[in-house]
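# Analysis of the macromolecular model
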Amino acid sequence: MALLPNSKLFHKNNKVDPEKNPKIVENVISSRPPPTPAKDIADERARTNWDLKEMHEFLEGSEAKSTEVIRLYQSIERDPILQTRPEQFDLTQKEERQVVAERIDQMSKYIETESYSKFRRRLQLMTVIDPSMGIRILVNLGLFLNCIKGNGTQKQYDFWAKKKEAGSLKQMYGCFGMTELGHGSNVAGCETTATFDEESDTFIIDTPHIGATKWWIGGAAHSATHTVCYARLIVKDVDYGVKTFVVPLRDSQHNLLPGIAVGDIGAKMGRQGVDNGWIQFTEVRIPRFFMLQRWCKVSRQGNVTLPPLEQLSYISLIEGRVGMAADSYRIGARFTTIALRYAVGRRQFAKNGAQQELQLIDYTLHQRRLLPYLALTYAAAVGTDRLEVEHNELLANLDKGLATNDKLLLKNTINSTKSMFVDSGSLKSTLTWEASDLIAECRQSCGGHGYSSYNAFGKTWNDWSVQTTWEGDNNVLAMSAGKTIIKNVQQILNGKKLKNSSLEFLNDAPTLSKAKKAVIRIKEHVDEPQRVLKAIAALISKFAVDLIPISHQSWDAIGAQRVTLSKLRCHYYLLETFIERLENQVKANSPIRPQLENLLKLYYVTNILGPFLAEFIRFGVIQPKVAQYITSIYPQELCLRVRPYVIGLTDSFEQPDNFIHSLIGKYDGDIYNNYLSAVKITNSPRNHKAPYSEALEQMLNRVSIDERARFERSKEVEALLSK
């Protein structure tokens, strides 16, 4: 298209040369004013009109827990061994394992000087910033000792945990020998054998073939002195299924014992600081009393007793799932803080000829990408706090019931255990999946800078990924939870209601499943949290009833639907807890109340109603005419309400810079100075030649092809040899 004579291109403004006189701007010298992300973040922080302490207490559940968490943050950032530093992102596997070993040594000193509950909270926080260190300690204190506590007698636990000091990270170090090369989720299918030899009163632990090799065993490669081995109990040629045995691996000089073969399984996606290993047993004999015999007992004569309460032996696996659900909250808090601080401080593209570029957070798409995750993190905070409390109460009641032989208490505890398996399984699976997506979305929202290791996304995502697999593969856990929900609904329809269970809301299934009228019929209904909670209960009930006939034919055929039910159960749990805590803990005139109400609604609209809208409409729980309001109109309205306060809402997590451990996520908001300064320190600009520079220079300065061929194909040679 030809340009017209009056085109603006023919009427250029007078050119203005850039300012060349240097000026001192803050701590660097600039010729022109630099970006001011710190000012943008400070300005938005000034909008915070509530007490951060009150909000943090809401998230943590109590003033005491809030105070403990903040003091532990302070302790960690002051400890020269536990604190984080940018250069740690450059560590090799060997160097990372050295740092992890030093941190474990340092943590062992805290376990001697502070209460066990405080130490476990310290460990939980450290696991967020150093998951390799966290899992190496938790394998011993959690999986190893909890297995002994859950499966062994009190005397067995006292011996290994106290007398042998495994509970103090001293004398011995245990690992958890469950998974095998050929079996992971199917624990009952493990093939390592423990054959009772009546003559010598010993068990013979053996790896019968390659598939029975213990695999992925954290700490086995170099650290563990003992393992709790899951093996098939064989007495007088009868296979009694998988039981647990304490098997020594190394002697007091840390040398392998006869019949024990171990090795490192090698490089992994993440958690390079963990020495995951494999173990093979060749006719390893252990005393009969090394079998954990709280439930299953083998006498000197080879008589086997299998009591009915053996189902409680698997309760030791729950603690890890509860912990990973809580980790999801703190990981979510950490990375929404980084991404939202960056979104406020980062400017890109000017609108309508404006002098200043627009903040990322002011783009509606950016709000829709990040703010639902912020709301989810708030919901996860209150939900996982409740899960921790209920889990602790369950363990206390179990210990009390067994100690006093209180049959009524044990009966109620068994009922609570069944619902705890569902709750911990659904929250662990759903929240670790959500956290994985959250890290990835927050990383992408930070553009190229999110790809830098120094901003924590890459290493954390790689380290986090295994959370969706171990301690129960997420799909397997979710299918199990979904199966239990369907069975409970069927039981209720048959007239037997649930008692002493967190699933008692399903007792309304007979009414909810038959209801013809939609729970959410007009857009105003979406604004009612209790109505939304009822809508989720109705969907679970209708969905479960619909699946009962198919379940009679094949549970596998409804695997995907069972996973969906598990996710819905998780969200019901979080929403129920959020509503109750808001009503019971926050006064009507409290400045945090409107913020929490907006986050509550943003949570359920964008994380429940929207993602599961097809199911809500299919089962007639939500009328189709409300769909556009749920998916488009109301979410953006809620985002606009939350948007002005994102700095205060992330500050309310009270996570310090040393815990955030990201150059672009620091509290002061000085994104570019923080980033460049640290990069210069960790990668000195004086090192302008690489160790491999010789190869680059050889490439650049290589001689011509003719010279490398000794000019044997040149025109001169052709003329000479052609005569």
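Note on numbering: residues in each chain are counted from 1, in written sequence order. Side-chain atom pairs in this predicted model are given and counted only at pLDDT of 80 or more, local residue features only at pLDDT of at least 70, and totals for whole chains, interfaces and linings cover all residues. Heavy atoms throughout the structure, all of them, feed into the side-chain values; hydrogens and water do not.

Moving on to unusual backbone geometry. Its identity as a non-glycine residue notwithstanding, glutamine 171 has a phi of 70 degrees, on the positive side. Numbering of helices and strands runs from the N terminus, with a helix taken as a DSSP run of H or I at least four residues long and a strand as a DSSP run of E at least two residues long. For glutamine 171, the location among the structural elements is in the loop between helix H7 (154-163) and strand S3 (174-177).

On to the pattern of salt bridges, then. The term salt bridge refers to a pairing of a side-chain nitrogen on Lys or Arg with a carboxyl oxygen on Asp or Glu at a separation within 4 Å. Across all of its chains, the model carries 45 salt bridges by this definition. Close ionic contact of glutamate 180 with lysine 214 constitutes a salt bridge, the shortest N to O distance being 3.1 Å. Separated by 34 residues along the polypeptide, glutamate 180 in the loop between S3 and strand S4 (193-197) and lysine 214 in strand S6 (residues 214-217) bring together distant segments of the chain. Pair check on accessibility: glutamate 180 and lysine 214 agree, each one buried. A salt bridge links lysine 689 to glutamate 697, with the shortest nitrogen-to-oxygen separation between them at 3.2 Å. One salt-bridge network, held together by shared partners, links Glu60, Lys65, Glu68, Arg121, Arg330, Asp385, Glu388 and Arg581. Categorising residues by exposure relies on relative accessible area from a 1.4 Å probe, with only protein chains included: less than 20% of the type maximum marks a residue as buried, more than 50% marks it as exposed, and the intermediate range marks it as partly exposed.

Moving on to the side chain of histidine 56. Relative to the helices and strands, histidine 56 is located in helix H2 (residues 52-60). We define a polar contact as two N or O atoms separated by no more than 3.5 Å, with the added condition that, inside protein, one atom must be a possible hydrogen donor and the other a possible acceptor, whereas residues neighbouring each other in sequence contribute only through side-chain atom pairs. Here serine 66 takes part through its side chain, which lies 2.6 Å from a polar atom of the side chain of histidine 56. Excluding anything up to four places from it in sequence, histidine 56 contacts Ser66, Val69, Ile70, Ser652, Phe653 and Glu654. Only heavy atoms enter the contact rule, under which two residues are in contact if any of them lie within 4.5 Å.

Only one face of strand S11 (residues 284-287) is buried, namely the one carrying Val284 and Ile286, since none of Arg285 and Pro287 on the opposite face is buried. The sheet contact formed by strand S5 (residues 202-206) and S11 spans 4 bridges and is antiparallel. Looking at the pairing, phenylalanine 203 lines up with isoleucine 286 of S11. Strand pairing is assigned whenever DSSP identifies at least 2 bridges connecting the two strands.

In this section: the domain arrangement of the protein chain. A common way to express how large an interface is: the accessible area buried when the components associate. Start and end positions for the domains come from either an automated domain assignment or a database one. Under the domain assignment used here, the protein chain contains domain 1 (52-146), domain 2 (172-311), domain 3 (315-658) and domain 4 (692-722). Across the contact, 11 residues belong to domain 2 and 15 residues belong to domain 3. Two parts placed together each lose some accessible area under a 1.4 Å probe, and adding up what both lose gives the buried area. Interface area, domain 2 with domain 3, both sides summed: about 1000 Å², of which 62% is carbon and sulfur. Counting the contacts that link domain 2 with domain 3 gives 0 salt bridges. Our count for the contact surface shared by domain 2 and domain 3 stands at 1 residue pair in polar contact (both at pLDDT 80 or more). Its residues placed into classes, the side of domain 2 that touches domain 3 shows 6 nonpolar, 3 polar and 2 charged. The residue classification treats Ala, Val, Leu, Ile, Met, Phe, Trp, Tyr, Cys and Pro as nonpolar and Asp, Glu, Lys and Arg as charged. All others, Gly included, are polar.

Right, let's talk about the state of the cysteines for a bit. By definition, a disulfide links two cysteine residues through a covalent bond between their sulfur atoms. We call a pair of cysteine sulfur atoms a disulfide whenever their separation is within 2.5 Å. Taken as a whole and assessed by the stated rule, the structure comprises 0 disulfides. Note on cysteine 175: no disulfide assigned, nearest cysteine sulfur contributed by cysteine 229 at a separation of 9.3 Å. Owing to a relative accessible area of 0%, cysteine 175 belongs among the buried residues under this scheme.

What follows deals with the UniProt feature "domain: Acyl-CoA oxidase/dehydrogenase middle" (unreviewed entry) in the protein chain. UniProt positions are given in the numbering used here, feature names are shortened, and annotations may be inferred rather than shown by experiment. Here, the residues flagged by UniProt with the feature "domain: Acyl-CoA oxidase/dehydrogenase middle" (unreviewed entry) are residues 175-284. Split by type, residues 175-284 is 0% helix and 45% strand. Its first and last C-alpha atoms lie 17 Å apart.

What follows deals with helix H1 (residues 37-45). Within H1 the residues assigned to the buried category are Pro37, Asp40, Ile41, Glu44 and Arg45. Down the axis of H1, the smallest arc covering the buried residues is 135 degrees, so these residues share one side. On the buried face of H1, the contacting elements are helix H8 (318-345), helix H19 (646-651) and helix H21 (671-682). The arc in question is the one traced by the directions running from the helix axis out to the C-beta atoms.

Before going further, it helps to spend a moment on the UniProt feature "active site" (unreviewed entry) in the protein chain. Taking the numbering used here, the UniProt-annotated feature "active site" (unreviewed entry) corresponds to Glu471. What glutamate 471 contacts, discounting residues up to four positions off in sequence, is Leu143, Leu317, Gly320, Arg321, Met324, Lys428 and Leu477.

Below, the discussion takes up the packing of aromatic side chains. Aromatic rings from Phe, Tyr and Trp, with only the six-membered ring used for Trp, were paired whenever their centres fell within 6.5 Å, and each pair was classed as stacked if the ring planes differed by under 30 degrees, edge-to-face if by over 60, and tilted otherwise. Inspection of every chain in the model, using the stated rule, returns 16 aromatic pairs. Pairing phenylalanine 58 with phenylalanine 578 gives two aromatic rings, centres 5.9 Å apart and planes at 50 degrees, and the pair type is tilted. With a gap of 520 residues between them, phenylalanine 58 in helix H2 and phenylalanine 578 in helix H15 (residues 559-585) connect regions that are remote in the sequence. Phenylalanine 578 carries the same exposure label as phenylalanine 58, and that label is buried. Cluster of aromatic residues (ring-pair linked, three or more members): Phe159, Trp160, Phe289 and Phe290. Note on geometry: a ring has a charge over it if NZ (lysine) or CZ (arginine) is within 6 Å of the ring centre and within 35 degrees of the ring normal. Its end group placed over the ring of tyrosine 157, lysine 149 keeps NZ or CZ at 5.8 Å from the ring centre. For arginine 386, the ring lying beneath its charged end belongs to tyrosine 573, and the centroid distance is 3.9 Å.

Here we come to the pairing of strand S10 (residues 277-281). Burial of the side chains of S10 is restricted to one face: Gly277, Ile279 and Phe281 are buried, whereas none of Trp278 and Gln280 on the reverse face is. With 2 bridges joining them, S6 and S10 adopt antiparallel strand pairing. Note on S10: the bridge partner recorded for lysine 214 is isoleucine 279. The pairing of strand S9 (residues 260-264) with S10 spans 5 bridges and is antiparallel. Bridge pairing in S10 links isoleucine 260 to phenylalanine 281.

The relative placement of two packed helices comes down to the angle between their axes together with the axis-to-axis distance. Direction vectors running N to C along H15 and helix H16 (residues 592-609) enclose 165 degrees, while the axes themselves pass 11 Å from each other. Judged on the interaxial angle alone, H16 and H15 are roughly antiparallel. As H15 packs across H16, the resulting crossing turns out to be left-handed. Only Arg593, Leu596, Glu597, Leu600, Tyr603, Tyr604, Asn607 and Ile608 of H16 make contact with H15, whose side of the interface consists of His571, Leu574, Leu575, Phe578, Ile579, Leu582 and Glu583. Tallied by class, residues from the contact of H15 with H16 come to 10 nonpolar, 2 polar and 3 charged. For helices, the fitted axis covers only the stretch in contact; all axes are lines through C-alpha atoms, and the angles between them, taken along N-to-C directions, range from 0 to 180 degrees. For classification purposes, angles smaller than 35 degrees are called roughly parallel, those larger than 145 roughly antiparallel, those between 65 and 115 roughly perpendicular, and all remaining angles oblique. Left-handed describes a crossing in which the near helix is turned anticlockwise from the far one by less than a right angle; the clockwise case is right-handed.

Glancing now at helix H6 (residues 131-151). One turn of an α-helix holds 3.6 residues; hence residues three or four places apart share an orientation. A residue's bend is the angle separating two fitted axes: one through the seven residues that end there, the other through the seven that start there. Taken as a whole, H6 carries its principal kink of about 45 degrees at leucine 138. For H6, the tally of buried residues reaches 19 of 21 residues, placing the bulk of the element in the interior.

On to a nonpolar patch on the surface, then. The patches described consist of residues with a relative accessible area above 30% and no salt bridge, like charges being joined within 9 Å and nonpolar side chains (Val, Leu, Ile, Met, Phe, Trp, Tyr) within 5 Å. Per-residue and other accessible areas follow the Shrake-Rupley method at a 1.4 Å probe size, with only the shown protein chains counted as cover for residues. Residues Tyr692, Leu696, Met699 and Leu700 make up a contiguous nonpolar surface patch of about 450 Å² in total accessible area. Here leucine 700 lies in helix H22 (residues 693-700).

Right, let's get into the sheet that holds S9. One open sheet holds the 3 strands; their spatial order is S6-S10-S9, and the pairing between them is antiparallel. Every interior strand has two partners, whereas the edge strands, S6 and S9, have only one. Here the strands of the sheet are splayed against their neighbours by 20 degrees on average, with no regard to which way each runs.

What follows is about the confidence of the model for the protein chain. On average, residues of the protein chain carry a pLDDT of 93, and 95% of them reach 70 or more. Confidence scores per residue from the predictor, reported as pLDDT, run from 0 to 100. In the predicted structure, residues 1-12 sits below a pLDDT of 50 and forms 6 contacts with residues beyond four places in sequence or in another chain.

Another point: the environment of tyrosine 342. Its location among the elements puts tyrosine 342 in helix H8. Residue classification places tyrosine 342 among the buried positions, given a relative accessible area of 2%. For the pair tyrosine 342 and serine 551, spaced 209 residues apart in the sequence, the C-alpha separation amounts to 49 Å. Among all residues touching tyrosine 342, those that are not within four sequence positions of it are Leu360, Ser445, Cys446, His449, Ile664 and Ile671.

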